[in-house]
Structure formats: structure tokens, C-alpha cells
Protein chains: 2
Amino acid sequence: MIRIGIYGYGNLGNGVECAVLKNPDMEIAGVFTRRDPDSVKTLTGIPVYKAEDVLQFTDKIDVMIICGGSATDLPEMTPYLSRYFNTVDSFDTHANIPEHFEKVNEAALASGHTALISAGWDPGMFSLNRLYADAILPDGKSYTFWGRGVSQGHSDAIRRIPGVKDARQYTVPIEAALEKVRNHEAPEFTAREMHLRECYVVLEEGADPAAVEEAIKTMPNYFLDYDTTVTFISEEELKEKHSELPHGGFVIRSGHTGLHNEHAETIEYSLKLDSNPEFTSGALAAFARAVCRMASRGQYGCKTVFDAAPADLSLLSGDELRHRML
Amino acid sequence: MIRIGIYGYGNLGNGVECAVLKNPDMEIAGVFTRRDPDSVKTLTGIPVYKAEDVLQFTDKIDVMIICGGSATDLPEMTPYLSRYFNTVDSFDTHANIPEHFEKVNEAALASGHTALISAGWDPGMFSLNRLYADAILPDGKSYTFWGRGVSQGHSDAIRRIPGVKDARQYTVPIEAALEKVRNHEAPEFTAREMHLRECYVVLEEGADPAAVEEAIKTMPNYFLDYDTTVTFISEEELKEKHSELPHGGFVIRSGHTGLHNEHAETIEYSLKLDSNPEFTSGALAAFARAVCRMASRGQYGCKTVFDAAPADLSLLSGDELRHRML
């Protein structure tokens, strides 16, 4: 049995707890939280410990799945924990991955651990599909579309506007743009041409809707460069219709083969997810298995999804994989 | 530079020649043919040698891409050549893969070579997608649909019927079946419910169309279990409209996550290919790069697409991959 630790117990930690139930070769050794452990009830009754006591578990956990946020948690947690445990995280601030990699690599190499960062779907499965498609169809162009789904970063940005009580932002891929890519037009898109932003906003009492709408639509980086719709709804409607965290998207590569580029080829990978954190957790669990195997072979240091041989993700043996999946 | 040998020069050999042009770290050392080399003109003027002289090239070729058929060529060629070269093949008789693996593994291990079998798209990229989807979404069901595309095996089967001069068979996935899978109905399909078979047939002079149609539609394994349409056309029309080899298909996994399986998740991978052999060749070239790297690390023996770390397929360094693709 692979003994999994869960470090951090929010949406992602819950998801990992559920994902481990689906993997008969895994069990959870414990959940670690910065909150008071007595205040945390796990879904399946697994024990909860104080985060500060985690080093008492170095011989009881094979892989620690670190379920923190990318903004401030993981840049501290993953390098620290990778000195004592094999780890997996879902660090998803794309621009800072190289820096995160270096820090985690140093910690893991120095202590003889394997630490796989940025597992999930983007980064994660989408990254793998970008790599495979680029390698087998080198003369082409890749596109990534996200949605329709809830962007938690954009929802948070709206919530920080004065007068906003709560909000949900959906990122929506533009169908006409997808079609252009599939038709091998190899377009150069602006941000506005690829995605719409749909906002559902609950106002504080007495707030000015026009001012809030203006504040959203002119927010740089988040909304200014997009066609954005703002719909004001009641708190009850938000809870009823927008409490889930669906997401998904498309990685499409359009390219050409042949001596004179006479043949068009399209590779398309897509996800349609009712639960972004639960799907991400499924990926974290599978890559935890790969980390366990890599560590047992002495493949230490920081790894990414690009470094794990696909067979290492599977519960099946090489022989079973060749019989059933090849 | 990775020095590639091409063993066998039909559609696939042509495709590999074109694919190598798209990979700036590769060059072709030579083409090997069982025909008279003087009778073979390559697309780009690369030299052609007799297949029987291949052992004179053991120090001039880093990876031999074996471009033979799966029925009789590859079961002989790959074990033989893997004693002298690192190799890649596209062996695609799914049921015989385990036996092929054992023979190739013995040859490659004994001589210190790396031999990757069954690269292409199915087996190949479709297999990888079956494995990844199964590993990250263990509670689910996977489906593979093929087409719309030319099945060369089925076209050949029609050509063997007396009275048939030429034929092309298209495998067509049934849209309603795809929709059922995407809607998480987790159906159990018969063969007939997943694919149609469209046949375009040129008759010999004086042949009886009714007899030919009957012979096609009642052919066991190939057509009997499918809804099959037969359209008789002239030789000119076949040449004009059906001389290309398009193909493609879908790997879809539908599954559930959450403590009570309350969330549905869908993973879909699809290919739409103008040229089946050229796309397959692109995969062969990328896996040849991976074979080269695995061999340089002493990872000998028979491998499949499941054993190659994705990073090994790419021309980019680990650092470049993390910056650009993750």
C-alpha cells in the first residue's frame, strides 16, 4: 500500500481524500492542517494532525500530497516538505514554475527525495498534450482554450471590489475561434478573440451596480482585454446555481505533414469537468504513484509530468498494460 | 544529429522520410529495401541500399525505423534488426503485441539495444490516452472510436473477392454512440452500434454486383457484424475521390469523482488526419528520439510508448519544456 499524507484540507484536500478511495493500492496516513485539528472533520473519518507535527510522520508516509494555494502556500510548503518527504503539488502559477522547480529540486536532491510539481490538468494533462502534440507534429501551432468553467482567481478579483458581497466568474471559450483552429486557419488571436468572461455578482446592500460593473470591466489583466458580461443576482441564486466548480478546456494542435505540407492533421484533447478540484485530485493521486516508483528507483530531485514514464502512473503491471491498453 | 535508418520504403517509409525533414536534430543515413535499389527513387534523393547489406551500417545508424507490415514483416524484422540496431516499429496487431514484445525484448537485451514497438496512433497515442485517462479517472469507462477513415485491412479484404478490381473501405464512427458516451450513459455497445462501414468498389468487367455486395456484407469479422453500405463506382472515380489515406478517431473516458460519485468528468482525445501514414511517421520519428536517449542511458530491451518519459520525445531541453509547455 502507498501511504499518502494530505497537507492542507480545503477543496483540493477533500478531493484527494476521495481520489485515494478509488485507488486500491493507496491509503491515507493522515491529514495535516494549520487549523485546530479538533475543528476539522474529514469526509471519511481519517485522522487530522497539526501541520507543525508533520515531521513525526516521516516514516509513516510514502508520498505527501501538498494541497495548498500557489500564491503563497506552495512556494514555502513544497521546498520545506520535500526535505523530509516525497511530494506532489499542483503549483499552477505558470510564470513562476522555473523558480519553484529550482527550489524544490535543491531540497529534494539534498535529502534523497522525489518531488513532482505542477500535477493537475493545466499545468498537468494539458501540458502533456502540448508536449506530445508538438513532438509528433512539429510543423504546426498549438492552442489552449479554457472553459466553460469557474476561474477562482477571477472570482476572487471581483470579490475584492468594494460593494461586492460574492461573485462567480466563468471563462468561456469562443466557439468561432475553436472552429478556426480546427479548420487549419492557424490564426493569431488576441485574448478577446479566444475567451469571454461571464460574471455573476451579488451586491452589498446599497452598492451602486453601475460602479461595480465599470470596476469589473476596466480591471487590467483580469477583464479589460476581454468581452465581459456582468449579471447581478441574489445571494440565494448564486448559492443555488453557481456553487459548483466546473471547468475544462481544449488543447488543439493543427499542423501539416508531407513533402509539400499537403496534408493537414489535427490533434485535440479536451476535458469537461463537473468538479475541477476533484479531477485535479485524481491526477495528483496518479502522479503520487509515479513519485513512489521513481523514488524507489533512486530517481531523486524535482520532477514534472514530463519526467514520469506513463506506465508509472498506472496500477497495472507492464504486462497487463500491454495486454489491455496498448 | 540522430542518424535514422529507414527499413522498408512504402507509404510509411515515405512518411518517415518527410517526418525527418521536420526534425532539425535528425538526418537519414539510408533507406533499405528488398527491391532492387536502382528501381527505388526516394522523395528527397537519399541513398537506397539492399536490405541484405544492412549489417554494414551498424555504426552509421543510431535508430532504425522499421517500416514493414504487421502481418508478416515486423514479426521477423524487428527481432532480427534489434540484435544490431536500436529500433522503432509500428506493430499494430493488438492481440499479438505480448508475443512480439517478448521476442524483441530478448533480442534487444541480449545485444544491448533499445527497441520501442507499436508506436503510431493506435497503438500509440490512443494507447497513451487510454492509460493516462484510466490512471487519473479510475472510476470510469473508456471507449475508442475509429474514423472517419480508410481501413487498409478492410479494403484489402474486399479486393480479395472475385469480381472486384479495386476497393476502398471507410470506417465511420456513429455520432449517436459518441453522444451517449459524452452524456455519461456508460453504454455497452455491440460492434454495429459504434461504427458503420462504407465500401466503394470497382468491379471487373462482367462481374455480378449483387453477388459482390452479398459477399462483402456477409464476410465474417470484417463486415457481418456491421451496417455496411456498398457503392459501385468507376476506376476513375476511385482514383479521383478515394486515393488518399485519411483516418482518425476518438478515445473518450467518462467517469465519476466525489465521495458519492456526484460529479461526472469527461476526457476526450481525438485525431483528424489527412494522411494516416504521414501522421504515424511523425510519431515514429519522435519515439526514435526517445529510443536514442533511452539507449544512451543504458535503458535496454523492448519498450513501448508507456515506458518513454514524455520529455524524451521532445527536441526541447527540460528547462525549455518547463518554460514553454508546462
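Since we're looking at a predicted model, the values are computed, not measured.

The rules behind these values
Residues numbered from 1 in each chain as written. Chains lettered and ligands numbered in written order. Predicted model: local features only at pLDDT ≥ 70, side-chain atom pairs only at ≥ 80, totals over all residues. Heavy atoms only, no water. Helix = DSSP H or I, 4+ residues; strand = E, 2+ residues; numbered from the N terminus. Rg over C-alpha atoms; globule rule 2.2 N^0.38 Å. Buried < 20%, exposed > 50% of the residue type's maximum accessible area, 1.4 Å probe, protein only. Contact = heavy atoms within 4.5 Å. Areas by Shrake-Rupley, 256 points an atom, 1.4 Å probe, with all protein chains shown as cover. Lys, Arg positive; Asp, Glu negative; His and termini not counted. Charge placed at Lys NZ, Arg CZ, Asp CG, Glu CD. Buried area = accessible area lost by both parts, 1.4 Å probe. Salt bridge = Lys/Arg side-chain N within 4 Å of Asp/Glu carboxyl O. Least-squares fit on C-alpha atoms with pLDDT ≥ 70 in both. Phe/Tyr/Trp six-rings, centres within 6.5 Å; stacked < 30°, edge-to-face > 60°. Lys NZ or Arg CZ within 6 Å of the ring centre and 35° of its normal. Pairing = 2+ DSSP bridges. Right-handed = clockwise from strand over helix to strand, strands pointing away. Expected span 1.5 Å × (residues − 1). pLDDT = per-residue confidence, 0-100. Axes fitted to C-alpha atoms, helices over the stretch in contact; angles between N-to-C directions.

K.L.:
Would you take a moment to explain the overall build of chain A for this structure?
P.N.:
A tally of helices and strands in chain A yields eleven helices and 14 strands. For chain A, the C-alpha radius of gyration of 22 Å lies close to 20 Å, the compact-globule estimate for 326 residues. Taken along its principal axes, the extent of the C-alpha atoms in chain A is 65 × 55 × 35 Å. Classification of the 326 residues of chain A by burial places 57% in the buried group. A fraction of 69% describes how many contacts in chain A between residues 6 or more apart in sequence connect residues 24 or more apart. Roughly 13,400 Å² of accessible area belongs to chain A as shown, and the carbon and sulfur atoms make up 48% of that amount. Of the charged side chains in chain A, 31 are positive and 48 negative, and the gap between their average positions amounts to 3 Å.

K.L.:
Even after reading the chapter, I still don't get the interface of chain B and chain A, so can you show me in this structure?
P.N.:
In many analyses, interface size is given as the accessible surface area lost on bringing the parts together. Taken together, the 65 residues of chain B in the interface contact 66 residues of chain A. Here chain B and chain A share an interface that buries about 5,900 Å² over both sides, 64% of which is from carbon and sulfur atoms. Across the chain B-chain A interface, the total number found is two salt bridges. Here Asp139 of chain B and Lys22 of chain A are joined by a salt bridge, their closest N and O atoms 2.6 Å apart. For the side of chain B that touches chain A, the elements supplying multiple residues, two or more each, are helix 1 (11–21), helix 3 (97–111), helix 4 (125–136), strand 12 (247–257), strand 13 (263–273), helix 10 (276–296) and helix 11 (318–324) of chain B.

K.L.:
Where do I start with the relation of the copies chain B and chain A in this structure?
P.N.:
Comparison of the two chain copies shows a relationship of rotation about an axis with a shift along it. Once chain B is rotated about the relating axis by 180 degrees and shifted along it by 0.0 Å, it coincides with chain A to within an RMSD of 0.0 Å. This pairing of chains is accounted for by a two-fold axis. The overlap is high: 100% of the interface residues of chain B also sit at the interface in chain A, so the same surface is used on both sides.

K.L.:
Teacher, can you tell me more about the packing of aromatic side chains here?
P.N.:
Aromatic rings in a pair are described by how distant their centres are and how their planes are angled relative to each other. For the structure on display, the rule yields 21 aromatic pairs over all chains. By way of ring pairs, the aromatic residues Tyr7, Phe32, Tyr49 and Phe57 of chain A are connected into one cluster. Over the ring of Phe57 of chain B we find Lys60 of chain B; its NZ or CZ atom is 5.7 Å from the centre of that ring.

K.L.:
Would you mind showing me how to read the pairing of strand 1 (residues 2–7) of chain B here?
P.N.:
When a strand is regular, its side chains alternate between the sheet's two faces. All names here are of chain B. Burial analysis of strand 1 places five of its six residues in the buried class, which makes it a mostly covered element. Looking at chain direction, strand 1 and strand 2 (residues 26–33) are connected through six bridges and run parallel. Bridge pairing in strand 2 links Ile2 to Met26. Traced from strand 1 through helix 1 to strand 2, the parallel crossover comes out right-handed. Note that strand 1 and strand 4 (residues 63–66) share four bridges and pair parallel. Across the sheet, residue Tyr7 finds its bridge partner in strand 4, namely Ile66.

K.L.:
Got a minute to help me understand helix 3 (residues 97–111) of chain A in this structure?
P.N.:
For an α-helix the count is 3.6 residues per turn, leaving residues at separations of three or four pointing the same way. With 15 residues, helix 3 of chain A should cover 21 Å at 1.5 Å per step; its first-to-last C-alpha distance of 21 Å lies within 8% of that length. Listing the buried residues of helix 3 of chain A in full gives Ile97, Pro98, His100, Phe101, Val104, Asn105, Ala107 and Ala108 of chain A. Looking at the buried residues of helix 3 of chain A, the elements they touch are helix 2 (73–81), strand 5 (86–89), strand 6 (114–116) and strand 14 (301–303) of chain A together with helix 11 of chain B. Residue Gly112 of chain A follows helix 3 of chain A closely and has a positive phi angle near 70 degrees.

K.L.:
Would you mind going over the confidence of the model for chain A with me for this structure?
P.N.:
Caution applies to low-pLDDT regions: their predicted coordinates should not be interpreted in detail. Confidence in the prediction for chain A averages 97 pLDDT; 100% of positions are at 70 or higher. Scoring the predicted complex yields pTM 0.97 and, for the interface, ipTM 0.97.

K.L.:
Would you explain the sheet that holds strand 10 (residues 195–203) of chain B in this entry?
P.N.:
Hydrogen bonds along the backbone pair up the strands of a sheet, which may run parallel or antiparallel. Residues and elements named next belong to chain B. As summarised here, the arrangement of the four strands in space is 8-9-10-11, forming an open sheet in which the pairing is mixed. Of all the strands in the sheet, the pair left with one neighbour each is strand 8 (149–150) and strand 11 (227–232). In the sheet, strand 10 pairs with strand 11 via six bridges, with the strands oriented parallel. Paired with Val201 across the bridge in strand 11 is Phe232. In this fold helix 8 (residues 209–217) packs onto strand 9 (164–173), strand 10 and strand 11, with an angle of close to 150 degrees to the strand it touches most, strand 11.

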